[in-house]
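# Inside the fold
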Amino acid sequence: MPNPLWLVRPRSDGGRDFVSFRPFQSDPDAQMIEIREGSHLPPQMPLLKRRRRLAIAEAIACRQSLLLEAGYHRSEPLF
């Protein structure tokens, strides 16, 4: 998962929940992915609810779970 990836899920109020996966490079030896979870209801600013860093294998498992079980789908960046 070397490139940024966005997953979104529509909400009943017209907003969207989002999860973005991006490479995190604080330590060149440890390949980590930063996961940002939040919501967005235009025209308001996005609300970041949670940020975490996972190893690549864990991030792939998280992405698959969100796609298969939580109703998310791939998207272009929201902002």
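Scroll up to find the structure.
What counts and how
- Residues numbered from 1 in each chain as written.
- Predicted model: local features only at pLDDT ≥ 70, side-chain atom pairs only at ≥ 80, totals over all residues.
- Heavy atoms only, no water.
- Phe/Tyr/Trp six-rings, centres within 6.5 Å; stacked < 30°, edge-to-face > 60°.
- Helix = DSSP H or I, 4+ residues; strand = E, 2+ residues; numbered from the N terminus.
- Buried < 20%, exposed > 50% of the residue type's maximum accessible area, 1.4 Å probe, protein only.
- Lys NZ or Arg CZ within 6 Å of the ring centre and 35° of its normal.
- Contact = heavy atoms within 4.5 Å.

## A closer look at the packing of aromatic side chains
As enumerated under the stated definition, the model contains one aromatic pair in all. On the basis of an interplanar angle of 40° and a centroid distance of 5.5 Å, the ring pair of Trp6 and Phe18 is categorised as tilted. Here Trp6, found in strand S1 (residues 5-10), pairs with Phe18, found in strand S2 (residues 16-24); they are 12 residues apart in sequence, far enough to count as distant. Like Phe18, Trp6 is buried. The ring of Phe24 has Arg53 lying over it, and the distance from NZ or CZ to the ring centre is 4.0 Å.

## Regarding the environment of Arg16
Summarising the element assignment, Arg16 is placed in strand S2. Looking at Arg16, the relative accessible area reads 39%, which means it is partly exposed. Considering only alpha carbons, one finds Arg16 and Pro4, 12 residues apart in sequence, at a separation of 18 Å. Excluding its chain neighbours within four sequence positions, the residues that come into contact with Arg16 are Val8, Arg9, Pro10, Arg11, Gly38, Ser39, His40 and Leu78.

## Observations concerning the environment of Leu66
Mapped onto the fold, Leu66 is located in helix H1 (residues 56-69). Judged by its relative accessible area of 15%, Leu66 falls in the buried class. For the pair formed by Leu66 and Val19, sequence separation is 47 residues and the distance between their alpha carbons is 8.9 Å. Those residues in contact with Leu66 that sit more than four places away from it in its chain are Leu7, Val19, Phe21, Gly71 and Tyr72.

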